[in-house]
Each structure stands twice: as structure tokens, then as C-alpha cells.
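Each chain is listed here by its residues.
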Amino acid sequence: MEKIKLKKVLLVGSGALTIGQAGEFDYSGSQCLKALREEGIKTILVNPNIATIQTSKGMADKIYFLPVTPYFVEQVIKKEKPNGIMLAFGGQTALNCGVELYKKGIFKKYNVDVLGTSVQTIIDTEDRNLFKKRLSEINVKVPESKAVGTVNEGLKAAKKIKYPVMARIAYALGGQGSGIAYNEKELKEILTKAFSYSKQILVEKYVGGWKEIEYEVVRDKFDNCITVCNMENFDPMGIHTGESIVVAPSQTLTNSEYHKLREIAIRVIRHLGIVGECNIQYALDPESEDYCVIEVNARLSRSSALASKATGYPLAFIAAKLALGYSLTEIENKITKKTMACFEPALDYVVIKIPRWDLEKFRKVKFQIGSEMKSVGEVMAIGRKFEEALQKALRMLGIGLHGLVCNSIKINNNLNTELKNPTDKRVMAIAEAIKGNYSIDKIYSLTKIDKWFLYKIKNIVDTEKEIRKHGIKTVPSELIRLAKQQGFSDFQIARLLFADKNYEDNALAVRNLRKKYNIVPYVKQIDTLAAEWPAKTNYLYVTYNGSRDDIRFQDKNSAIVLGSGAYRIGSSVEFDWCCVNAVLTLKELKYNTIMINYNPETVSTDYDVCDRLYFEEMSFERVLDIYEKEAPNGVIISMGGQIPNNLAMRLHKQKVRVLGTSPESIDNAEDRHKFSKLCDRLQIDQPEWIEAATIKSAEEFANRVKYPVLIRPSYVLSGAAMSVAFNKKYLDKYLQKATEVSKEHPVVISKFITNAKEIEIDAVAYKGKILVYAISEHVENAGVHSGDATLVLPPQFTYIETIRRIKGIAKKLASALEITGPFNIQFIAKNNEIKVIECNLRSSRSFPFVSKVTKYNFIDIATKAMLDIVKNERYNTVDLDYVGVKAPQFSFSRLHGADPVLGVEMASTGEVACLGENISEAFLKALLSVGYKMPEKNILLSTGTVKNKAYLLESIKKLEENKFNLYATKGTHDFYKKYGINTKILYWPLEKKEPNILTYLKERKIDLVINIPKSYEEEELENDYLIRRSAVDFNIPLLTNPQNTKLFIESISKLKMEDLEIKDWDEYG
Amino acid sequence: MLLKKNAKLILEDGSVFYGFSFASESSVSGEVVFSTGMVGYPESLTDPSYKGQILCLTYPLIGNYGIPSNETDRYSMPKNFESYAIHIQGLVISDYSFEYSHWSAKKSLGEWLKEHNIPGIYGVDTRELTKKLREKGSMLGKIIINGKDVELYDPNKVDLVKEVTIKKPVIYDNSNNKARENQRFSVHERSSAQSFALVSQKSLISVNSIENNSDKKDNFNRNKKLNQNNSIIEMSEIAKGAISCASAQSKPAISEHAQKHATHFSAGSVFDKIKIIKKNSKNKKIVILVDCGVKNNIMRNLLKRELAVIRVPYDYDFFKLDFDGIVLSNGPGDPKMCKTAIANIKKAIEKNIPVFGICLGNQILALAAGADTYKLKYGHRSQNQPCVMEGTKRCFITTQNHGYAVDTKTLPKEWEPLFTNINDNTNEGIKHKTKPFFSCQFHPEANPGPVDTEFLFDEFVKKLSQ
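It should be emphasised that the depicted structure is a prediction, and the values quoted were computed from it without experimental measurement.

A. Summary view of the interface of chain B and chain A. With 59 residues of chain B in contact, the opposing surface of chain A contributes 73 residues. Buried surface at the junction of chain B and chain A, summed over both partners, amounts to about 5600 Å²; 50% is from carbon and sulfur atoms. The interface formed by chain B and chain A contains ten salt bridges. With its nearest N and O atoms 2.9 Å apart, the salt bridge here joins Asp348 of chain A to Arg127 of chain B. At the boundary of chain B and chain A, one finds 31 residue pairs in polar contact (both at pLDDT 80 or more). Elements supplying a minimum of two residues to the side of chain B that touches chain A: strand E8 (95-96), helix H3 (126-136), strand E17 (372-389) and strand E18 (395-407) of chain B. Tallying contributions element by element places E17 of chain B first for the side of chain B that touches chain A, with eight residues. When grouped by side-chain class, the residues that make up the side of chain B that touches chain A number 23 nonpolar, 21 polar and 15 charged.

Structure follows, in C-alpha cells:
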């Protein structure tokens, strides 16, 4: 064996989750670490994403919670002296960082081998001109294009190529900054923005409407090269693959097309010399075999995570082994444990991925989807019919869809417009169009979605029509069977069969009827070889297109853990961390572990995490199906966030054994009336609230407690449809919005307390007694959603007395609700008053953060508690010798037009956490991890209300002392002038006079923008919005919160880059 | 709702799988096998190696892109099919696409099967069926539609090759076609179909193929058609009046155009043709293609490499002809049934004539060399079989369709394995240690499946010149 002799390898992680780069890199990094450890190689990881599995104990030998930037990675290399480095497992962030280090000669300097694909090959794939050149060497076609360095060059190139053209950025993730231009004006706009991210832009012939096809390719250094999976985008070229519905394997390709593209893929990847895994994307003419290669990603990607989960082939693990020098013929197929890794999986099912968007959460964002990625997560459904998988996937999205039909979601646009210029609701619009008697040809001409997909959608619509003709008494069994085979839920069928709105009971009636007819689902295995060989692992899905189960259900001592579902704003990798840790604890306790989850970006859906993985819906119906088959000892619903938590009572009513806190207690905490009564009884203070049934009662309440008030639906997750109303006008407007989101649950209005501190407790209890807890404080005042807040642990600014009282309240609640397991309470503290604002009897977003900072695994303790295993141990979580700071990651740059300001609606897509000797150090590291830079010279100030201006006075003085050039808007300038601080006035954007703020931003003369909005919710003045938006568009760090700003200025005044210590996790504590 | 016609598949062990008919409503029997390939049903169904078999496709969504046209390629072979007929007894799938979508599609899979009187059933739990076949081995079975029962039929007891081989030799030559040779990797533009048709009219010297799967005869008006072809050889044949009739199926032809070109020749005329070929091009290599049920793409691959091909019946005595090498084709059934072919190859080995065997050809070469073959429990039928070339770390992904295998242990001393399947370590090819005889168990011609091993045809061409 000619493997590289390596002792120590550095893995570069991907940092915080952002749009375009999400949980899939926890999957790939974790697999890479496992592969390295199997070889006995010491592993070093740089990744500030504290919520990931890869940054957990035992995954890497040393973990650095530091920014993935060339500076910090170089410092780690200097300190650790690894022999090798892996760049392909941390997404575009790691790749870009690696290329920069390579160009600076860092790897040579420290004698580090880049493992797997060489950096030169990476550059060949990322630099559009080089890429084109390399492909033309082997007669492979690419769209006509020109790489340009200036706007003018771009316009000239477009003239030659002819419009429409597409502008693409080199070294970008998720199509960031790209766009389609139909004329010079549009292109100019795109290019101007794009050049703030990149020095090189590709102006390319736009092949919109062609089929978009991808192949995942694996190659070893012996030149063995295989394609593990191909995928077809439901949405044609023009819609970013991250925004497209994707199907695996391809459905509409003939043998000739499939293998022509496969052969080209292999030829290209061999020619480029990739070692490991990569992805190649094609545009394929829907009317001939003409094609062109769109791009090659020389690294693990979102697509490869999807392909891995879709086929069962552990791409990341294999890629890591290949990077170490193995041949594909030497690695075992981990699924069959009988066959080898050198093969191409044969699927006997169809897989559909649908992106999950959260566009409603952002103000001013465009809903149209296109060449840039905006989705924040995705779901993957498996079926043996396209219809089955599609309806499953739509339910999995968790946006209130019951499948393709029987929904109450409205299409706001005109249908033709919606079909032609799709939004996130396109697939629903197709169903609507079919119902509206659009011909398939017409829909095709509007959407360019292959007719095969449209026919399948029509099948579902036809079945819906057919069922609607019947009632529960007359519906033929064969029709129910067909509906179930096409993925209809009991709920959907009930909606069609019953006139009344007693949905839950009706759905159960359908369930009982179909069981009587013996229409039940069967469990099938994903085995990579379409049953040709027996499979050893149990990677499972459920289908009605079958007649027998693949597996037997005789496991004694098993437990089901419900996963976290699709990543969305407010529920992300942190819940996957909780689920995986629960599974690990169950395994340690010799339980047979069963996981249900449907998110392909997760570690919990990896082949080697649990004993049985159901890649399935987490609907009440499906969980019950699986529960009935598996008959486990119990189900854990408190690890995956709000999605499984919502099932508590319904499962409980069907006599499902829920482990941990009883569902009744969960209901007591979730139901505001019950919870409020409990608080009153326990003499725990809450902000005043009412449940408003009418607008009038809401207004009366608001007048009584005085504006502002907070409006929200119950069973809230990450502040969905939550709003603050500052006056009657807004109250009326927001009420309409909130009721639309959830009609079944009433609207809750409460007093919104401003200028207060927010504090959280994460804890675990056993039979009402707290076992371990951690208290974190928010840097920002209350009013910023806890998911967008900067958390500090242990608290640095909170009084001991406050901490003591918070602990006291938590104890009372734990005892009253007889909590067993994890829980989280959020508090507001103002003027020595402490009020409870939220209580969740489940793990929270901050569990991985508190577990890793305190070094006590809260989930392990919680899982054991649920199984009556309690250690008599005292945990110190307050008196730590270091500080942990968790900071949010925003993705505003990817959301065209969105106002980058914080509010009660959560907007961040990810988070990081760093450790430091003091809060300043930890805070700075965290901010540098989410894209902030140390300002060098020029800072723009626009500091909001007089109160905030005064609040920041001392900080601004410090900036002046530190010799920063301060620019300011007129009002800010005048204010600080009074205090002897000199700032240069820049004109407001709308004043259109020079020197104008916008010009300074465009020309990147400003290093940091401080723009404090005047209020949380009111629509800001256009001028302020323009400043914030331009800062984001031109990639300039932006601070909008006064507390955050103050801490940032304090920190940069105290610390320089070189003061930030390079210490691994173990060195703290 | 569609009116569904009930159908079922009964296996010899008594298990029954229920489904619905989507093709010909006739009951049939045969050996039930499964294939895990995800694309290429038009190619698979016309592969003569499936003769006598009821095929279960494990990929559940079938019929998506319909069935392409009957157009012919530049060799006047049907461009989109591997022979002139559907060879399976019946088709078993999970989900049938009644509505298909593809620019090249002319009809649905169901319509096509119906035209050829082949039954097809959908709605079957094909995974369960596959597992059963995997565990118990390939079984006989029958598709029953409309309750009309049939006798169990065991194709393995029949000389299947005899049913699919051509009846008389045919010569294919592809001279003056260099311009098209670099076609392989180039892009097929929109108009490719038309331009191909034109080229084939102009540049083919001899366009001769023959219906290969029938016992019934059909007459065509050949002279008229042949006159349209500017073929020297054919013209000469016409002059001699040596043209006999092709045999053709009574079923509607896949490619009428191609069939109209079908001619074959008596042995005497073959000599003349060889002479003409040699006269026109001294360096031209001529190979005997022993047709045991050959797939068109094997012929395309040979012709593409400037070889003249004499396609002969599997039991044909070709030693009287002047040729440079032998290709043993794929084909159905037990290789031991091909007694004459085995004897002929033994002779070829003695005479040191280069031999290249494919699939059944691998088994026949092994038997001729003195090794043994055996029946696999459930065969290899897929497009993802990894085969390592012996003595290297190179692994190739291959298409396979075989129920029998060569027993490596029985290879004589002067022979060695060439490829081995790394999933189950079965033999995937053999070679003589010193002499120009080699073969592979998989399908280097692909169609359907990956084209990774097409280089073996180049290897063979090299052997011809050595």
C-alpha cells in the first residue's frame, strides 16, 4: 500500500452556517475525522461552529474554536505543525482559506502537504478562465464566456456573447453575487455589486431552460474514477441548484444521455486531476444531446451530502480515505460490508430534495427564486413513486403543507407570473394550474420543467379529484391504496372525504379504515445495490409501494429519537447535535437506537450514527406507523427542537410512551393560559399578556399596558410571525399577518419591555429537581430575538443576586412541571424585576454552547435522566476561568433587499462561539468568525436616537483616541461635536450630494459601518435602510445594535490581532 | 381512475406477486431474473442475452422517456436498439409512466411491448421479488394476465443461442468512414440524426445486416432498395443474383428501414466479398464475429475501428474463410450448449488466431481452453459491477448480463484471469499468458451502461496486427 505516512492532519472546518453553506459540512467534516482516526492519525480541527458534531469531544484530538481565516489557520499551523491539511471538507470557506494560504506560501513554509486534490487543481476549477482552458484541452464544451476584471470589460464581453448573460463570481458559494442580465443596465448593476466580493467575474452565455444535471464523481490517485450518483433538477437552468427541487437519480435521461455525461464527467475529473470527491454540473439541451459543463466543485458540497444520503454511499468518508492514498478497490462498502467502495450505487427508489426557504422572516426581501441561493435548509424524501416522494417532501418542509394538494396556502401572484417567474411556491402553483385546466404543454412553455414531472404532478391532482367525489362510507379501498401509494397522508384524505373541520379525528378515522383494508406502509432498506446484495446497515424508509418489510422488528430495548427536521432559521445544526448526543448516550446504555429524521445535511442521518435510521417524515402519522412496527421502550421528543416537541400531546393520546417530561407538563408549559396560571400560583412574574380573539380586545389591552406590545401566535418557534407594535396602526397590520400564519392557534399579545436585560438558563432536571444548569446573558438588550443575540457564559454583567433569583425561579418551575430532561427558560431583568418570557421543556439552541463551554454534556445528563440514571455530581458552571461568547451569523448578503437589522423575528442563519481569557477576547474572536474585520482606518457613524448617541459617547471617544477617521451623518456629527469629537460629515444617500455615504461605501472607503436604527420595528427611513443595505452589498462590516457596538469598540481598543490567543479547547479550564 | 387490468407473476416456488398489465395481454413463462440498471430499457429489452427470461427491473420508475424512433445509424443498424427484436418473455416493474417525455420518444414502452406481443406488469414489489431471487436463486415463473394459465417453460433446457443467432453469414464493412471516427466524444447537435442518415447513405460500402431472431420468413423487395445504396459489393451481389432472403420476424419490425437493407449471402459470395475488401484496402483486417445473440453495439465498436466484420451463425465453420481474428459475442443461456462454437474456438487456439470473447464469449473461450463454467445463483445483471484488472489497482465499472460464470480455479496453466469482480470474486475475463486470446465477462460495448471498458476493442485491434 502506497499510503502517505502521516502523523498529524489539520482539518479546516466551514465556520458558521450561512445560506449556501449549511449543515452538510458538519457531516463531511465529521466523516473526515472518523476516517483519519481509523488510521491512527492525530487530528486538529479549526472551526468556530460550536453547535456541530465535529467540534464535540472525541471527534478531533484538538479543537480550535477560531475563525476560519488565513491568519488564524496559519497561527494554528505554526503552533501545531501538522504534516497534512484537508481543505475539501469545509465548503467554500475552507477552500478559499486554503487557496489564500497556498498563494502566500504558508504550506511550503511550514511543510504541510495538502491532501487530496491539489491547490492548483482547485484554482483550475475556481478560476473561470483557467477552467475553460482546461476543459477545451479535452474538447469538453462550456458555455461561451469571458472572465472580466472590470465593469466595462464585462459589458463589452456581454455585447459579444449577446444577452441574456449570466454573471458568476469566482470562488463564491451558492451562486453568491451571480445574476442574469437581459440588458446592459441590469448587467451593470450586477457587476458593480459583484466586484465588491471578487476580483474576477465571469460573463457567460445564459442557457436558461435547459435541463440541469449533476454528477458526483470520486477518483483515487490510481486513476480509478466513478460516478456515485447523478441528479436531475426539476427546475431547469436559471434556478440555482440549491434553490431547485432535485431528483436522484435522473428521471428523464436516456441511456445515451446518462452515459455520455457520465463519460465526460470522468474525462474531466481525470484531466483536472482531482483526488477525492467532486461535483460536476451540466446544462443539457431538452431537445437534443447538446450539453455544456457549468462548473466543477473540487470539494465536498451540498450536492455531495445529498448524494451521500440519497445513495447510502459515504462520500465524505471515502473522499478522506482517498486523500490519504487509498485506492477505491481497497475500501469496503460500509453499507453492505460485503462489497467494495469501488462501484456505482444502483437505486431502487427515487429521492427528492426540496429547499426550505424562510423568506417571510425578512423585511423587504424579494420572494422570487433564481440564480442565487436563498434557501436556508432542505429536506429529502424517499419513495418508490415520484408522487409519493414529492408529497412526503412537501410535508417535511414544515411550512404548513399537507402535501401537494389539500392545503390552505394561497398563491398570491397571478398564476402565469408565478409559473414564469417562480417564487418559493412554484410547485404549488403548478398544481393550481393543472386544477385550473392549464394544459401540460402550456405549463411547460411557462416553466420549462420537463413534462414528465408535470404529468406526475397531474396524477396527484387527478387522484385528489377522484377522492373528493366520495365520503368515508363510499370511498373504494383501491382508491385509498392508490392515494397512499401517491403519498397522500391520512390527513389529506380525511380533508377530501369529510366536510367538517374535525381534522385530527377524521384523519384517525381514515387511518383505521385503511388499516381495516390492510393498506399499511412497508419498511424498505437503502442498500446501495438495489437488493442485489444483503445489506448490513439499516438505512430505512417507508413506502406504500411494497408488499413486505425488508427488516424484522424484534429488537428489545430500543428507543426512538426524533430528529430536528429541516434546518430553518431558529432550528439548525444545534438540534442535530442534541439528537446525535442522545443517540450516543443511548448506545452507551446498550439501547438499540432508532432515529427518525429527513434532513440530508445532518450527522444524525449518517450511516453509522444509530442502529436504525428512518429517513422519514416526522408527522404524527409516520411516527405512529414506525412506533407501531418497532414497539420501542419509548420515544425521545425533546432533542430535535420544536418540530418533535409539537407532537407530544398527540402521540401521548395514542398511548405512545414519551420519555422524559410528561407531555401533559409540556402542554402546561406551551399553553400560555396554563403556564400563566402556574406562574401566578408560583408567584413568578411574567410580562402582562392576553389572548386576543378580536382586534378590539387587542387594542384595549395595548392601551392599558401602553405600547409597545409584542404579538405572537402560541407554539412559537424562533418568533415566527412575531412582531412588535408601537402604535395602533401597526397593531392592526400585524394582527392580520399573525392570524394568517396560524388560524388554529389564538394570538397572544403581551407588554413589550424595552431597555431590559435578557438572560437564559439551560438546564437538566430529574423528577423536578435540577441536576445541572448554565446561565447565559445576552449582550444586546431585550428585543433582539434570543437566536440573534450574542450570548455570554458565564455572565459578566449580571448581578449575583439576579443569577441567584433566576436559579430560584428555574427550580420552582422544574419542580412544578416535574421536569425530567432538558429545558430552557428565558428571562427579562429590569430594575431588579425578573420576568419569565419563555419556557421550553426541551433542549434549546444553546445546549451545545453551554455543554461545550462548561464541558459538561447536558444532553448526556438529560438522556440518562430520562432513563432514570442519575449521578450524584455537582457541576460548576458559574466560576469558570474563561469566557465563552456565542455570536450569530447573518446571511443578509444573500437576500437581495433584506433590511439587515435585528428584531424580534430571528434572522440569523447560523452561529459560532469562541473562548477567551476575558469577554473582549472571546467576543472579538467570535465576531471575526462571522465575517467582521478589525477596522483599519475609516468608520462611519450614524448612531440613532439621542439616547443611543449618548450611550455610545464614551465608545466614540475611544475611537477618536485610537486615531480612526470618523465619518458621520449630519445629526450624529452635530451631537458628537458638542462633546469635542471631530467627525467628517457625509451626505445621506437620498440627498444625492457629495461626499455621499453611498459613494464612500461603493468605493469601499469605509471599514466599518455603525448604524443604529431608531426603533426595533417601525419601518426605518429609507436613508438608514440604504446605508445598511449598501454596507451588506459591498461586504463592509455593519453594527446595528448599541450594546454590541459598545462592546466591539471596547474590545478593539483593548486588543490587537496578535493579542488573540491561539489556544485549543482543552487549554481552557 | 384508470381502468386497471389485474396481472400476476407466479414463481416456481409458489409465491405470487400481484400487479397490473400495461402491455400485451398475453400470459408467458420463462426464467425470472432481475437487473439493477437504472437507465436503458430500450437497449436492455433488445439484448438477445435476455432470450427466454422474464425481466424484473429493480429501478421502480420505468417508461419515463418512452421509446425512441426506428431510425438507423451509419451502419444501417437501428440506432437506438441492440437488435431487431425484444427478447425478453415479459417485463416486471414497480411504477409505470403512462405519460412519457423525451425529445427522441416516438411511443410509450407499453405500446412498444404490445406491438411485439410482450406482456408487462407494474405495481409489483420488485424489491421483494429481487430479494427472493437473490436468496433462492433465479427461478422459473410465469406472468398470468386475464387468468389465462400457461405451462412453466425452462429456457435453460433449450439451445437459446440457436434461436438468436443469424442463420447465414453477413459481411459488414465500413471503409471510407474515417471522417466519422472521431465522433465518439463530440457533441451531437440538434441535427445529428439527419446528418447521420445522410452519411450512412453516402459512405457505406456495404450495409448488410440480418434479422437474427426468427423462425419465420418474410420477403422484401430487396433489389429496389439495394439499388439505392451505392454499394460496390451489393451491386456485385445483385449482378450475381446471389442474394437470398433474410429471415425476419412476423412481428412488426423495429426498423423497417434497416430491415429493407437486410441481405445475406451464401458462403461462396462471402469469399468474393472478402476478396473485394482485401483488394480495396490491403491492410484491412477482417474478423469473424461468432453471433451467439450479438448486440449491435459490439458490431458498431468493431466497425468503428475500421474492421470488416463477417458475422456468422454460432455453429458456422468459418475456417474456410480468409480472416484475421475472431470475436465471440454475448448471448443467452448455458455456454455448454454451444458445442460447435467451443470446438471451433479450440481449433482457432491451435491455429493461434486472435480471439476476443465477450460475456458468453468469455465462457466459450474458457471452455475451449479447457476450463469449466457453472451457473451463478442469480447472475449479474446490472450496470455497476466493479471489475479489477488482475495485477493492477485499476477497477472498471461494467455492464453485465450473465447467469453463468467461468470457474477461475479450472483455468489451465497457460491461462490466467484478466479481470475479477471485487464484489464476489467471480471471474470477469481470462487471457492466455502468451498468445492473443482474451475475453471479458462484462460488456465493453455498454449500451446500456458505462463505456469505461471500450478500450478492450482497441486491445483486440492491436492483437490483430501483432
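B. Structural detail: unusual backbone geometry. Omega for the bond connecting Tyr707 of chain A with Pro708 of chain A falls within 30 degrees of zero, at 0°, which places this linkage in the cis form. With respect to the helices and strands, Pro708 of chain A occurs in the loop between helix H26 (695-705) and strand E24 (709-713). Although it is not a glycine, Lys963 of chain A sits at a positive phi angle of roughly 65°. With respect to the helices, strands and loops of the structure, Lys963 of chain A is situated in the loop between helix H33 (953-961) and strand E35 (965-968). Taking the relative accessible area as the measure of exposure, Lys963 of chain A reaches 70% and is therefore exposed. At Cys359 of chain B, a position not held by glycine, the phi torsion is positive, near 60°.

C. Fine view of the packing of aromatic side chains. All names here are of chain B. Tallied over the entire structure, the rule returns 40 aromatic pairs over all chains. Taking 6.1 Å as the distance between ring centres and 85° as the angle between the ring planes, the aromatic pair formed by Phe396 and Phe419 counts as edge-to-face. Of this pair, Phe396 sits in strand E18 while Phe419 is found in strand E19 (residues 415-421), placing the two residues 23 residues apart along the sequence. Overall, the relative accessible area of 8% leaves Phe396 in the buried class. In this structure Phe419 comes out as buried when scored by relative accessible area, which is 0%. Between Trp415 and Phe437 the ring centres are 5.9 Å apart and the planes differ by 20°, which places this aromatic pair in the stacked class. Placement of the pair is Trp415 in strand E19 and Phe437 in strand E21 (residues 437-440), with a sequence separation of 22 residues.

D. Molecular detail of the side chain of Arg299 of chain A. Residues and elements named next belong to chain A. With respect to the element layout, Arg299 can be found in the loop between strand E14 (291-297) and helix H10 (302-311). Salt bridges are absent for the buried Arg299, whose nearest opposite-charge side chain, Glu126, sits at 5.0 Å. Only 2.9 Å separates the side chain of Arg299 from the side chain of Gln92, close enough to count as a polar contact. Apart from the residues lying within four places of it in its own chain, the contact partners of Arg299 are Phe25, Ala88, Gly91, Gln92, Leu95, Glu277 and Cys278.

E. The state of the cysteines, seen in detail. Residues and elements named next belong to chain B. Taken as a whole, this structure holds zero disulfides over all chains when the rule is applied. The cysteine Cys292 is free of any disulfide, with Cys338 supplying the nearest cysteine sulfur at 5.0 Å. The buried category is assigned to Cys292, whose relative accessible area is 0%.

F. A look at the sheet that holds strand E18 (residues 538-543) of chain A. All names here are of chain A. Taken together, the six strands give an open sheet; going across it, the order is E17-E18-E21-E20-E19-E22, and neighbouring strands pair in mixed fashion. At either end of the open sheet lies a strand with only one pairing partner, and these are strand E17 (522-525) and strand E22 (634-636). Along the sheet, successive strands turn relative to each other by an average axial angle of 30°, direction set aside. Here three bridges tie strand E19 (residues 558-562) to E22, and the two strands are oriented parallel to one another. Within the sheet, the bridge partner assigned to Val561 lies in E22 and is Ile636.

Each value, and the rule that gives it
- Residues numbered from 1 in each chain as written.
- Chains lettered and ligands numbered in written order.
- Predicted model: local features only at pLDDT ≥ 70, side-chain atom pairs only at ≥ 80, totals over all residues.
- Heavy atoms only, no water.
- Contact = heavy atoms within 4.5 Å.
- Buried area = accessible area lost by both parts, 1.4 Å probe.
- Salt bridge = Lys/Arg side-chain N within 4 Å of Asp/Glu carboxyl O.
- Polar contact = N/O pair within 3.5 Å; in protein donor to acceptor, adjacent residues only side chain to side chain.
- Helix = DSSP H or I, 4+ residues; strand = E, 2+ residues; numbered from the N terminus.
- Nonpolar A, V, L, I, M, F, W, Y, C, P; charged D, E, K, R; others polar.
- Buried < 20%, exposed > 50% of the residue type's maximum accessible area, 1.4 Å probe, protein only.
- Phe/Tyr/Trp six-rings, centres within 6.5 Å; stacked < 30°, edge-to-face > 60°.
- Lys, Arg positive; Asp, Glu negative; His and termini not counted.
- Disulfide = S-S within 2.5 Å.
- Pairing = 2+ DSSP bridges.
- Axes fitted to C-alpha atoms, helices over the stretch in contact; angles between N-to-C directions.

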